Amino acid sequence: HFKVFQCQLKLLEHLENFFMDDVDCIFPYTMIQPCMSNRKEYKVIYIPSKSIQYIVSRSARCGSGVSYSVRPHTRLFDFVRRACNVFRERCPYAITDGLFRVDVFQTRMGELVVNEFESLDAAYYGGGRDISFHVTNFLFEYWLKLLTEIDIIQDLVRQSSDTTHNNQSLLASTDLAVRKPTRKRERNNDSTKD
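What this report covers is the structure whose coordinates are included nearby. (Residues numbered from 1 in each chain as written. Predicted model: local features only at pLDDT ≥ 70, side-chain atom pairs only at ≥ 80, totals over all residues. Heavy atoms only, no water.)

1. Considering the overall build of the protein
Alright, step 1. Broken down by element type, the protein carries five helices and four strands.
Alright, step 2. If you list the helices and strands of the protein from N to C, you get α-β-β-α-β-β-α-α-α.
Alright, step 3. For the protein, the proportion of its 194 residues judged to be buried stands at 26%.
Alright, step 4. Taking all contacts inside the protein whose residues are at least 6 apart in sequence as the whole, residues at least 24 apart take part in 54%.
Alright, step 5. By element, 55% of the accessible surface of the protein is carried by carbon and sulfur atoms, the whole surface being about 14800 Å². (Helix = DSSP H or I, 4+ residues; strand = E, 2+ residues; numbered from the N terminus. Buried < 20%, exposed > 50% of the residue type's maximum accessible area, 1.4 Å probe, protein only. Contact = heavy atoms within 4.5 Å. Areas by Shrake-Rupley, 256 points an atom, 1.4 Å probe, with all protein chains shown as cover.)

Pasting the structure below:
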């Protein structure tokens with residue numbers, strides 16, 4: 001729900017009506033942001049390790065918006081790179097080496113501002129089929145590498161391999177392997193049917 005409120009009191013009244021069952025005024029999720037006069041938002045995917053940077057969408061939410069970036073989007077992309085560097089410095093334990101999306105607005109004064117950083121579950125489709133394909137491949141390799149480096153995953157894979165090997169050895173040593181019946185046995189079964 002996108003609504004504009006002139007003061008905090010009006011906002012709280014709206015939330016109380018919206019979450020009427022909650023008598024303690026504890027709201028499950030509320031994001032309050034300053035209202036931009038230019039509501040044009042650029043969502044930019046940034047994966048520095050692969051030199052991938054592209055615009056997913058240029059949406060104008062809650063009304064109209066004026067474009068403030070044109071190809072090759074040098075100013076916008078430079079801003080996104082700087083914003084990511086600042087984010088990494090201030091949040092050193094955040095996961096930012098994989099998929100990273102920066103949503104950007106522009107103020108009345110022409111200044112670019114970050115509306116939101118998205119990482120793990122950021123939507124990245126929209127830059128064209130080829131680029132989305134490259135990002136999908138990157139993410140597959142990225143998560144596969146991370147998961148295979150985790151000790152518990154390595155142990156599970158090792159145990160699975162050991163179990164498979166042990167089962168095959170057991171079958172071979174006890175001669176429990178499934179075999180086709182011999183012709184002689186088939187004939188004997190046919191003769192007993194009469």
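Alright, that's what it looks like, and here's the rest.
2. Notes on the nonpolar core
Alright, step 1. Core analysis: the largest hydrophobic core is formed by 15 residues, its most contacted members being V44, L76, V80 and V104.
Alright, step 2. Within the residue set of this core, elements represented by two or more residues are β1 (40-47), α2 (74-90) and β3 (101-106).
Alright, step 3. With six residues, the top contributor of residues to this core is α2.
Alright, step 4. Beyond its immediate stretch of four places on either side in the chain, L76 contacts Y42, V44, I55, S69, V104 and L112. (Core = buried A, V, L, I, M, F, W, Y, C linked by side-chain atoms within 4.5 Å.)

3. Concerning a nonpolar patch on the surface
Alright, step 1. Judged by side-chain polarity, I95, L120, W143, L147, I150, I152 and L156 come together as a nonpolar surface patch covering roughly 660 Å² of accessible area.
Alright, step 2. Looking at the nonpolar patch, the elements with two or more residues in it are α3 (129-149) and α4 (151-174).
Alright, step 3. Mapped onto the elements of the fold, L156 is located in helix α4. (Patch = residues over 30% accessible without salt bridge, like charges linked within 9 Å, V, L, I, M, F, W, Y side chains within 5 Å. Salt bridge = Lys/Arg side-chain N within 4 Å of Asp/Glu carboxyl O.)

4. A few points about α2
Alright, step 1. Helix length check: α2, at 17 residues, gives a terminal C-alpha distance of 24 Å against a target of 24 Å (1.5 Å per residue), a fit within 8%.
Alright, step 2. Within the sequence span of α2, burial applies to L76, F77, F79, V80, A83, C84 and F87. The buried residues of α2 occupy an angular sector of 155° when the element is viewed end-on, so they sit on one face. (Expected span 1.5 Å × (residues − 1). Arc of directions from axis to C-beta.)

5. Details of the packing of aromatic side chains
Alright, step 1. Overall, the coordinates contain six aromatic pairs when judged by the stated rule.
Alright, step 2. Their ring planes at 50° and their centres at 5.5 Å tell us that F87 and F100 sit as a pair that is tilted. Placement of F87 in helix α2 and of F100 in the loop between α2 and β3 is noted, with a sequence separation of 13 residues between them.
Alright, step 3. Linked through ring pairs, F87, F100 and F117 together constitute an aromatic cluster. (Phe/Tyr/Trp six-rings, centres within 6.5 Å; stacked < 30°, edge-to-face > 60°.)

6. Let's talk about the pattern of salt bridges
Alright, step 1. In this structure the tally under the stated criterion is six salt bridges.
Alright, step 2. Residue E149 pairs with K145 through a salt bridge whose shortest N-O separation is 2.9 Å. You can see E149 and its partner K145 sitting in helix α3, four residues apart, about one turn around the helix.
Alright, step 3. Residues participating in the shared-partner salt-bridge network are E41, K43, R101, D103 and E118.

7. Some points on the environment of V102
Alright, step 1. Take V102: it is sitting in strand β3.
Alright, step 2. Residues V102 and N115, 13 residues apart in the sequence, show an inter-C-alpha distance of 7.6 Å.
Alright, step 3. Filtering out sequence-adjacent residues up to four positions away, V102 remains in contact with Y42, K43, V44, V80, C84, V114, E116 and F117.

8. Describing unusual backbone geometry
Alright, step 1. You will see that S51, though not glycine, has its phi angle at about 55°, which is positive.
Alright, step 2. Topologically, S51 is positioned in the loop between β1 and β2 (52-60).
Alright, step 3. With a relative accessible area of 70%, S51 lands in the exposed category.
Alright, step 4. With a phi angle near 60°, H73 is a residue other than glycine that sits in the positive phi range.
Alright, step 5. We classify H73 as buried; its relative accessible area is 7%.

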